[in-house]
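Here are the chains, one letter per residue:
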Amino acid sequence: MGTEILSNLTAIMADQEHWKHPNTFNPENFLDEKGQFCKNDYFLPFSLGPRVCLGEFLAKTELFIIFTSLIQRLKFSWPPGAPSPNMDGVVGVVCSPFPFNTVCHSRETTN
């Protein structure tokens, strides 16, 4: 038997010292002063250390393929008159977004 040590990823990923907006979903957390993407070493969705998720590469590849495919084929917008979505999220085992509606149009039929 040994001692089990767990990392508190929530504390790392919600630390105000490392994130511009730690308690809300905000893409600005991943942009530098010039508006360019910057990798944040404190973003650890797949854990860290010897227990890091073995499927990280596969998950990132699949997400890239799915999102680029959607963005190439569809145009996304808010429903007319709909309020902006609540970006605070629902805190549980992971932070999830509140339900919201969006309108998707095929790029082939839009101008």
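Details of the structure are given in the entry above.
These numbers come from a predicted model, not from an experiment.

> What is the right way to look at the overall build of the chain in this model?
Along its length, the chain carries 2 helices and 4 strands. In sequence order, the secondary structure elements of the chain are arranged as α-α-β-β-β-β. The globule rule puts the C-alpha radius of gyration for 111 residues at 13 Å, and the 18 Å found for the chain is more than 25% above it. Based on the C-alpha atoms only, the size of the chain along its principal axes is roughly 65 × 30 × 30 Å. For the chain, buried positions account for 7% of its 111 residues. When contacts within the chain are restricted to residue pairs at least 6 apart in sequence, those whose partners lie at least 24 apart make up 44%.

> I'm lost on the layout of surface pockets in this one. Help?
If a probe the size of a water molecule is rolled over the atoms, the empty space left behind becomes visible. What the largest pocket holds in volume is close to 2,000 Å³. In this structure, the largest pocket is lined by 43 residues; those nearest its centre are Met 13, Phe 25, Phe 30, Phe 43 and Cys 95. In terms of residue count, helix 2 (residues 56–73) provides more of the lining of the largest pocket than any other element does, 5 residues in total. Forming the boundary of the second largest pocket are Ile 5, Leu 6, Ser 7, Ser 47, Leu 48, Pro 50 and Arg 51. Tallied by class, residues from the lining of the second largest pocket come to 4 nonpolar, 2 polar and 1 charged.

> Explanation requested: the packing of aromatic side chains in the structure shown.
Aromatic ring pairs are defined here through the distance separating the ring centres and the angle between the ring planes. Scanning the entire structure with this criterion turns up 4 aromatic pairs. Relative to Phe 43, the ring of Trp 19 lies with its centre 6.4 Å away and its plane at 80°, an arrangement referred to as edge-to-face. One end of the pair, Trp 19, is in the loop between helix 1 (9–13) and helix 2; the other, Phe 43, is in the loop between helix 1 and helix 2, with 24 residues separating them in the sequence. Taking relative accessible area as the criterion, Trp 19 reaches 7% and is therefore assigned buried. Look at Phe 43 and you get partly exposed, because its relative accessible area is 39%.

> Explain the environment of Ser 106 here, please?
On the secondary structure map, Ser 106 appears in strand 4 (residues 103–106). C-alpha of Ser 106 to C-alpha of Leu 48: the two residues are 58 residues apart in sequence and 39 Å apart in space. Beyond its immediate chain neighbours, meaning those up to four positions away, Ser 106 contacts Arg 73 and Leu 74. There is a polar contact of 3.2 Å between the side chain of Ser 106 and the backbone nitrogen of Glu 108.

> I tried to follow the pattern of salt bridges on my own but got confused; where do I start?
Any two side chains of opposite charge can pair if their charged atoms end up close together. All chains considered together, the criterion is met by 2 salt bridges. For the salt bridge of Lys 39 with Asp 41, the shortest nitrogen-to-oxygen distance reads 3.6 Å. The salt bridge involving Glu 56 is made with Lys 60; its shortest N-O contact spans 2.9 Å. With a gap of 4 residues between them, Glu 56 and Lys 60 both fall in helix 2, about one helical turn apart. What makes Glu 56 partly exposed here is its relative accessible area of 24%.

Conventions adopted
Residues numbered from 1 in each chain as written. Predicted model: local features only at pLDDT ≥ 70, side-chain atom pairs only at ≥ 80, totals over all residues. Heavy atoms only, no water. Helix = DSSP H or I, 4+ residues; strand = E, 2+ residues; numbered from the N terminus. Rg over C-alpha atoms; globule rule 2.2 N^0.38 Å. Buried < 20%, exposed > 50% of the residue type's maximum accessible area, 1.4 Å probe, protein only. Contact = heavy atoms within 4.5 Å. 1 Å grid on protein atoms, 1.4 Å probe; cavity = no way out; pocket = protein on both sides within 12 Å on 5 of 7 lines; lining within 4 Å. Points joined across faces, edges and corners; volume = space filled by probe spheres on them. Nonpolar A, V, L, I, M, F, W, Y, C, P; charged D, E, K, R; others polar. Phe/Tyr/Trp six-rings, centres within 6.5 Å; stacked < 30°, edge-to-face > 60°. Polar contact = N/O pair within 3.5 Å; in protein donor to acceptor, adjacent residues only side chain to side chain. Salt bridge = Lys/Arg side-chain N within 4 Å of Asp/Glu carboxyl O.

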